[in-house]
Amino acid sequence: MISERDRVALRPEQATIPPGHPWNRLPIIGAACALLGAVACAILGAANPKQFFFSWLVSLLFFLSLALGALFFVLIQYASQGGWGIVVRRIGETVFATIPVMAVLFLPLLLGLGDLYSWAAPGAAEHDALLRWKAPYLNVPFFLIRAALFFGIWSFIALLYYRGSRGQDVTGDPRMSARLRRLAGPAIIVLALTQTFASVDWIMSLSPHWYSTMFGVYFFSGSFVGFIALLSVVAVAMRRAGLLETVISTEHLHDIGKFLFAFTAFWAYIAFSQFFLIWYANLPEETFWYKARLEGSWKTVSLLLMAGHFGVPFFYLMGRAVKRRGSTLALGGAWLLAMHFVDLYWQVMPTLHPEGVRPSALDVAAFVAVGGCFVAAASWLMRRQALVPLRDPRLAESLAFENA
Amino acid sequence: MPLLLPQLPKGPYYGVLAEFATPGDLYHACERVRDAGFTRWDAHTPFPVHGLEGAMGIRRSPLPWIVLITGLTGAAFGFGLQWWVHASAYPLVISGKPYFSWPAFIPITFELGVLFAALGAVLGMLGLNRLPMHYHPLFRSKVFERVTDNAFFISIESWDPRFDPSATRKLLESLGARSVELLES
């Protein structure tokens, strides 16, 4: 007679990438892409540094936001003592463990602060009363201190949770889960505050006269949709690649799909609320940011976001069957990932190209470079670790999970 | 008012009621009743029995479709009403905006969509469950009083095409029922 415990326990070899598996090559492929992208950035960027800094900022924000979304996902799993998601938690942990890499990739931007942020250009505040008034916050030294603080705090939380979870694979100590659970609540508050200020610093201050009190939560909503979209794609890709085939079930895909559906609606709620209040109040010091995005070809992008980041995926993901089939769920996830990129592009790029959408080869080069580093770092960690938290006390519950 | 007071089909019998001793007995009996091809029957337990809907072969409820349709109706109604009022019936200039300013209509559209969807969910659930029903023939049974306490039941209704008073009783007895009784309408 097989006991309940033996039946559900996972053998480590069921949850690792076997030798010779194609996914073992991902770190090399990622590193090659990163190198290629970096060379392309260096060649193309030398001729057009301003475009390079903006393209690099969009790509960095894209992958960093996925990592921050992953951090929030894992923190709420701990705080709510969620059972279902244990089998996909390691994917989130691997994604947010790349935050220190993102901190390094942030450094090139420091060379172009004056190109990116008009308030950082020398003498910018001289003839601008508003910038003079904002200078105690918007000045280069304080900006750098804050950036260091954000990456320091995020890396600290990320490594605390990553190492805690990896350590539990070895020790099997259930007290580690309890400890991380107790820390999750405060960590969520710290993450919310730092993410808000980071979005204000890095995106909102591109238009230093503009302000929106909802901007932080807008950035958060996008980052969380982005990570869940990535999670759906990775979970399905893993199953297709023969990894965790028997571990991640239809039931888990269904729950990922529910998250994706719910936070697509949440993003739309926040995005519309931000637009709606500014549109209704009609104050010139607030409306110019949207006016720039509702003229010329940027208007097409705005409409694309409305339909593509909300309308279409909302109805697409509504049904049950779509969420329970790997191919249809991953299609929705891939689409929303693309839309998350468009969303960030739409937030950043009109500062550089107010005349209209001007796609650049540097956009591609920066994406390949940052994305290559991201994939290389995440897949390198995946090779060295179990793909699920093997000895989490709730693993059995997660493996047996069924939607009602 | 047939909609508000649903009626059971007419017939001399309501059906048969079988009592089982344990959730396990009930579960396996349900699988057999399902496999025998019965469609108009139900299981009654004092607490939810995990997986019983699978053992009974219950198909998914059409309720999500009702909610979707009522929700979209509500949203369309909310949007249409504002359009009609602001652009046609009673046009007023509000903060210098065009009569048809669709962003201003979104909150009401959203709220009415949610309201209609919620009403659709509640009323649809009641309708699909044929509620409110103030009296049910199962209440004639003395043993059925223990359904909220410690007893597990299967009831097969007489208007099921496969129902036969004596054969159905025998089937339930063969499945290990502790007692089987024929209930009048």
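Residues numbered from 1 in each chain as written. Chains lettered and ligands numbered in written order. Predicted model: local features only at pLDDT ≥ 70, side-chain atom pairs only at ≥ 80, totals over all residues.

## Section: the overall build of chain B
A tally of regular secondary structure across chain B gives five helices and four strands. Starting at the N terminus and walking to the C terminus, you meet the elements of chain B as β-α-β-α-α-α-β-α-β. Its C-alpha atoms give chain B a radius of gyration of 24 Å, clearly above 16 Å, the size a compact globule of 185 residues would have. In chain B, which comprises 185 residues, the share counted as buried stands at 23%. (Helix = DSSP H or I, 4+ residues; strand = E, 2+ residues; numbered from the N terminus. Rg over C-alpha atoms; globule rule 2.2 N^0.38 Å. Buried ≥ 20, exposed ≤ 12 C-beta atoms within 10 Å, placed from the backbone.)

## Digging into the overall build of chain A
Assigned secondary structure in chain A consists of 17 helices and zero strands. Over its C-alpha atoms chain A spans a radius of gyration of 22 Å, differing by no more than 12% from the 22 Å that the globule rule assigns to 404 residues. With respect to the three principal axes, the spread of C-alpha positions in chain A is 80 × 40 × 40 Å. Counting only residues that meet the buried cut, chain A has 42% of its 404 residues in that class. Long-range contacts, defined as pairs at least 24 residues apart, comprise 84% of the intrachain contacts of chain A with a sequence gap of at least 6. (Contact = placed C-beta atoms within 7 Å.)

## Some remarks on the environment of A:Ile157
Residues and elements named next belong to chain A. One can find Ile-157 in helix H8 (residues 140-171). Exposure remark for Ile-157: the 23 C-beta atoms within 10 Å place this residue in the buried category. Here Ile-157 is in contact with Leu-71, Ala-187 and Leu-191, once residues within four sequence places are set aside.

## Some words on the interface of chain B and chain A
Taken together, the contacts link four residues of chain B with five residues of chain A. Of the residues in the side of chain B that touches chain A, the class split is three nonpolar, one polar and no charged. (Nonpolar A, V, L, I, M, F, W, Y, C, P; charged D, E, K, R; others polar.)

## Quick word on the nonpolar core
Judged by nonpolar contacts, the single largest core of 114 residues is most densely connected at A:Ala67, A:Leu71 and A:Ala235. In terms of residue count, helix H3 (residues 49-79) of chain A provides more of this core than any other element does, 21 residues in total. Counting residues in hydrophobic clusters, the runner-up holds 21 residues, among them B:Ala29, B:Val33, B:Phe152 and B:Phe153. (Core = buried A, V, L, I, M, F, W, Y, C linked by C-beta atoms within 7 Å.)

## Overview of the sheet that holds strand E4 (residues 179-184) of chain B
Residue and element names in this part refer to chain B. Pairing in this open sheet of four strands is antiparallel, and the strands run E2-E3-E1-E4 from one edge to the other. A strand with exactly one partner marks an edge of an open sheet, and here the two such strands are strand E2 (41-44) and E4. Mean inter-strand twist for the sheet, computed between neighbouring axes without regard to direction, equals 20 degrees. Strands strand E1 (13-20), E2 and strand E3 (152-157) of the sheet are contacted by helix H1 (residues 23-35), whose axis makes an angle of about 20 degrees with E3. (Pairing = 2+ DSSP bridges. Axes fitted to C-alpha atoms, helices over the stretch in contact; angles between N-to-C directions.)

## Topic: the domain arrangement of chain B
A common way to state how big an interface is: give the accessible area lost once the parts meet. If you check the domain split of chain B, you get domain 1 (13-46 + 150-184) and domain 2 (63-128). Using C-alpha coordinates to define each centre, domain 1 of chain B is positioned 46 Å away from domain 2 of chain B. (Domains from an automatic or database assignment.)

## Focus on H1(B)
All names here are of chain B. For H1, built from 13 residues, the straight-helix expectation of 18 Å at 1.5 Å per residue is met to within 8% by its first-to-last C-alpha distance of 18 Å. Leu-26, Tyr-27, Ala-29, Cys-30 and Val-33 are the residues of H1 that are buried. Here the buried face of H1 lies against E1, E2, helix H2 (52-56) and E3. Residue Gly-37 follows H1 closely and has a positive phi angle near 95 degrees. (Expected span 1.5 Å × (residues − 1).)

## Considerations on the pairing of E3(B)
Residue and element names in this part refer to chain B. Within E3, six of the six residues are buried, which leaves it mostly tucked inside the rest of the structure. In this sheet, E3 lies alongside E1 in antiparallel orientation, the contact comprising six bridges. Looking at E3, one finds that Ala-18 is bridged to Ile-154. Summarising the sheet, E2 and E3 pair through four bridges and their orientation is antiparallel. Note on E3: the bridge partner recorded for Asp-42 is Ser-155.

## Looking at the packing of helix H10 (residues 215-240) of chain A against helix H15 (residues 326-348) of chain A
Residue and element names in this part refer to chain A. Between H10 and H15, whose axes approach to 8 Å, the crossing angle comes to 145 degrees. For the element pair H10 and H15, the recorded crossing hand is left-handed. Facing Gly-222, Val-225, Gly-226, Ala-229, Leu-230, Ser-232, Val-233, Val-236 and Arg-239 of H10, the residues of H15 in contact are Gly-326, Leu-329, Ala-330, Gly-333, Ala-334, Leu-336, Leu-337, His-340 and Asp-343. By residue class, the composition of the contact of H10 with H15 is ten nonpolar, six polar and two charged. (Left-handed = near helix turned anticlockwise from the far one by under 90°.)

## Side note on the pairing of E1(B)
All names here are of chain B. Burial of E1 is extensive: seven of the eight residues sit out of reach of the surface. Here E1 pairs with E4 via six bridges, running antiparallel. Among the inter-strand pairings, Ala-18 is bridged to a residue of E4, identified as Val-180.

## Structural notes on the confidence of the model for chain B
Mean pLDDT for chain B: 91, with 97% of residues reaching 70 or above. Scoring of the predicted complex yields 0.92 for pTM and 0.83 for ipTM. (pLDDT = per-residue confidence, 0-100.)

## Re helix H11 (residues 250-281) of chain A
Over its 32 residues, H11(A) runs 47 Å from end to end, which matches the ideal 46 Å to within 8%, given 1.5 Å per residue. Remark: A:Asn282 follows H11(A) within two positions and exhibits a positive phi of approximately 60 degrees.

## So, the environment of A:Thr94
Residues and elements named next belong to chain A. Counting through the fold element by element, Thr-94 comes out in helix H4 (residues 86-96). The exposure class of Thr-94 is buried, given the 21 C-beta atoms found within 10 Å. Taking the C-alpha atoms as reference points, Thr-94 and Leu-381, 287 residues apart in sequence, are found 6.7 Å from one another. In contact with Thr-94, not counting residues within four places along its chain, are Ala-378, Leu-381 and Met-382.

## What to know about unusual backbone geometry
Residues B:Leu131 and B:Pro132 are joined by a peptide bond in cis, for which omega reads 0 degrees. Here B:Pro132 lies in the loop between helix H4 (102-128) and E3. Residues other than glycine seldom take positive phi values, yet A:Gln81 does so here, at roughly 50 degrees. Relative to the helices and strands, A:Gln81 resides in the loop between H3 and H4. A:Gln81 gets classed as exposed once you count the C-beta atoms within 10 Å, which come to 11. Here the phi dihedral of A:Leu244 falls at roughly 55 degrees; this positive angle occurs in a residue that is not glycine. Mapped onto the secondary structure, A:Leu244 falls in the loop between H10 and H11.

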